[in-house]
Each structure stands twice: as structure tokens, then as C-alpha cells.
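Close look at the chain arrangement
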Amino acid sequence: EVQLVESGGGLVQPGRSLKLSCLASGFTFSNYGMNWIRQAPGKGLEWVASISSSSSYIYYADTVKGRFTISRDNAKNTLYLQMTSLRSEDTALYYCARQAVALDYWGQGVMVTVSS
Amino acid sequence: DVVMTQTPVSLPVSLGGQASISCRSSQSLVHSNGNTYLHWYLQKPGQSPQLLIYRVSNRFSGVPDRFSGSGSGTDFTLKISRVEPEDLGDYYCLQSTHFRTFGGGTKLELK
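Residues numbered from 1 in each chain as written. Chains lettered and ligands numbered in written order. Predicted model: local features only at pLDDT ≥ 70, side-chain atom pairs only at ≥ 80, totals over all residues. Heavy atoms only, no water.

1. Focus: the sheet that holds strand E3 (residues 18-25) of chain A
Residues and elements named next belong to chain A.
- With antiparallel pairing, 4 strands are arranged side by side in an open sheet as E1-E3-E8-E7. Strand pairing shows two members of the sheet lacking a second neighbour, strand E1 (3-7) and strand E7 (68-73), which therefore form its edges. Adjacent strand axes in the sheet meet at a mean angle of 15° when their direction is disregarded.
- By the bridge criterion, 6 bridges tie E7 to strand E8 (residues 78-83) in an arrangement that is antiparallel. Residue pairing across strands places Asp73 opposite Thr78, the latter belonging to E8. (Pairing = 2+ DSSP bridges. Helix = DSSP H or I, 4+ residues; strand = E, 2+ residues; numbered from the N terminus. Axes fitted to C-alpha atoms, helices over the stretch in contact; angles between N-to-C directions.)

2. Quick word on unusual backbone geometry
Residues and elements named next belong to chain B.
- A cis amide bond, omega -5°, links Thr7 with the succeeding residue Pro8.
- One can find Pro8 in the loop between strand E1 (4-7) and strand E2 (10-13).
- Phi angles above zero are rare outside glycine, and Val56 is one such case at about 80°.
- Along the chain, Val56 falls in the loop between strand E5 (50-54) and strand E6 (58-59).
- On the basis of relative accessible area, Val56 is assigned to the buried category, the value being 9%.
- Backbone geometry at Phe99 places phi at a positive 55°, although glycine is not the residue there.
- Its place among the elements puts Phe99 in the loop between strand E9 (89-95) and strand E10 (101-102). (Buried < 20%, exposed > 50% of the residue type's maximum accessible area, 1.4 Å probe, protein only.)

3. Quick notes on a nonpolar patch on the surface
- Taken together, the side chains of A:Tyr57, A:Tyr59 and B:Phe99 make up a nonpolar region of the molecular surface, amounting to roughly 340 Å² of accessible area.
- Along the polypeptide, A:Tyr59 turns up in strand E6 (residues 58-60).
- Its relative accessible area of 34% is what places A:Tyr59 among the partly exposed residues. (Patch = residues over 30% accessible without salt bridge, like charges linked within 9 Å, V, L, I, M, F, W, Y side chains within 5 Å. Areas by Shrake-Rupley, 256 points an atom, 1.4 Å probe, with all protein chains shown as cover. Salt bridge = Lys/Arg side-chain N within 4 Å of Asp/Glu carboxyl O.)

4. Here's the deal with the interface of chain A and chain B
- Each side of the interface is counted separately: chain A has 21 residues, and chain B has 18 residues.
- For the pair chain A and chain B, the summed buried area comes to about 1600 Å², and 63% of that belongs to carbon and sulfur atoms.
- The largest share of the area that chain A buries against chain B comes from A:Leu45, A:Trp47 and A:Val101, three residues that together contribute 35% of it.
- Here chain A is connected to chain B by 0 salt bridges.
- The interface formed by chain A and chain B holds 9 residue pairs in polar contact (both at pLDDT 80 or more) in total.
- By residue class, the composition of the side of chain A that touches chain B is 10 nonpolar, 7 polar and 4 charged. (Contact = heavy atoms within 4.5 Å. Buried area = accessible area lost by both parts, 1.4 Å probe. Polar contact = N/O pair within 3.5 Å; in protein donor to acceptor, adjacent residues only side chain to side chain. Nonpolar A, V, L, I, M, F, W, Y, C, P; charged D, E, K, R; others polar.)

5. Some thoughts on the side chain of B:Thr106
All names here are of chain B.
- Note on placement: Thr106 falls in strand E11 (residues 106-110).
- Residue Thr106 is classed as buried on the basis of its relative accessible area, which comes to 1%.
- A polar atom in the side chain of Thr106 sits 3.1 Å from the side chain of Gln6.
- Reaching out from Thr106, the side chain makes a polar contact with the backbone oxygen of Pro8 at a distance of 2.6 Å.
- Filtering out sequence-adjacent residues up to four positions away, Thr106 remains in contact with Gln6, Thr7, Pro8, Val9, Leu11, Ile21, Gly89, Asp90 and Tyr91.

6. Considerations on the packing of aromatic side chains
- This structure, assessed with the given rule, holds 9 aromatic pairs over all chains.
- Following the ring pairs from residue to residue traces out a cluster consisting of A:Tyr95, A:Trp106, B:Tyr41 and B:Phe102.
- When the ring centre of A:Tyr80 is taken as origin, the NZ or CZ atom of A:Lys19, which lies over that ring, is 4.5 Å away.
- The ring of A:Tyr32 has A:Arg98 sitting right over it, with the charged end atom 4.0 Å from the ring centre. (Phe/Tyr/Trp six-rings, centres within 6.5 Å; stacked < 30°, edge-to-face > 60°. Lys NZ or Arg CZ within 6 Å of the ring centre and 35° of its normal.)

7. Some remarks on the pairing of E11(B)
Residue and element names in this part refer to chain B.
- Note: E2 against E11, 4 bridges, orientation parallel. Bridge pairing in E11 links Val13 to Leu110.
- Across 3 bridges, the pairing between E9 and E11 is antiparallel. For Tyr91, the partnering residue across the bridge sits in E11 and is Thr106.

Listed below in C-alpha cells is the structure:
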């Protein structure tokens, strides 16, 4: 069974940093690209970043480019999102999702709240 | 950047009835490899999004045949026939031809 479990969220002050993790199981992690998607409270889905299976290709949404860094450790079956210079508008539920033909499996999400 | 316009924002339906959701893109979603990467998701209250339809018209594993997708180029439609209670929630289209962009969402609710 494919499982994706996010962690690392919490309350953080504006301008500070936070690192999210997504632990994958039930499939060969190193064979799949991965994504981060977020959802602000009461709002729709926003794609944040993508990384290919071998980390050769990395893409970011304009809203986070230069502040967020996506990475992965295939030996640990783990996807990461390093978030710096956090703003109030980054407050959201952050999901990781596996990339097949579509984003086919999603985690339950981890909440990030940016507030003083 | 590709903009995905999803309509309607809210769609009241009766159980057993039919629903239709539209998704339009600001540019063609036909990839250079000939495939069209337009997908549909359902997010039930308090849950993560779940994949319903991939590449326009292909049902994901376990998705009932009440759900169907169609369209081409820039215009796409998700149809739900014989609406059941578990179909209620927020529907999103996603394009992954040009990076990734979600539509704004459609709330399917009881009339």
C-alpha cells in the first residue's frame, strides 16, 4: 500500500525557516518524481514544487522561487521542503504527492502557520 | 503561465442526478509528445485530494464508471452521473503539460 506521511509543520514567525519531510513507503521511491502542493485555509490547491526521481529536474511556483528548496534522499525514502523567509501567505496545509502520469497518491498533509 | 478556469464555482445537485464541471486552460494542453495532461480530483471534506481521472478520460483505479472525463486542447469536462452522497465535495482540475496548475475548484453540494 502506497503511503506518504508528512511531518515537520508547526507555528513559525514571519521571516523564519522550517523544513518539511515526507516519508514514503509501499513503492520504489527512487522510481518516481514527487511534488509539494499546499492549500491555504478555506482555499483551493496550489502547486508548490516538483522534483524528478534522480533530482535532475526541479521546478518551483513563482510564489516560492528563491525561498523554498525541494530535495530528496532516495536512500531514506524521504522528500523534503526547506522553507525560508516565511510569510503569512505561506500559511497552509502542505501535501506531498507522488508523480506518475498524474499526482496519483497524496499524503494527509502537514499544517504550517506563519504568525507572530 | 497557464491559467485554469473552472466553472461553476458551486454546483447544487440532487442525489441520483447528473453533474457537469468545466475546466478551460489559457493555452493548449497538448504536450509535444502528443499526450494531454489534464486530470481531475475530488477532495472530500477533511480529506486529501484523490485522483479520479487522468489524461482527460482515464479513470484511476477503483473509480466508478459514473465518473467520465472528456475534452481536448483547451476545453475539458468532468461528468458525474447518478450522483451519490460520497461524491459530494470539492472538485479540481490539474494540468501538468506546462509545469502544474490547478483550477480554482467546484463545490458539489446537495440541492
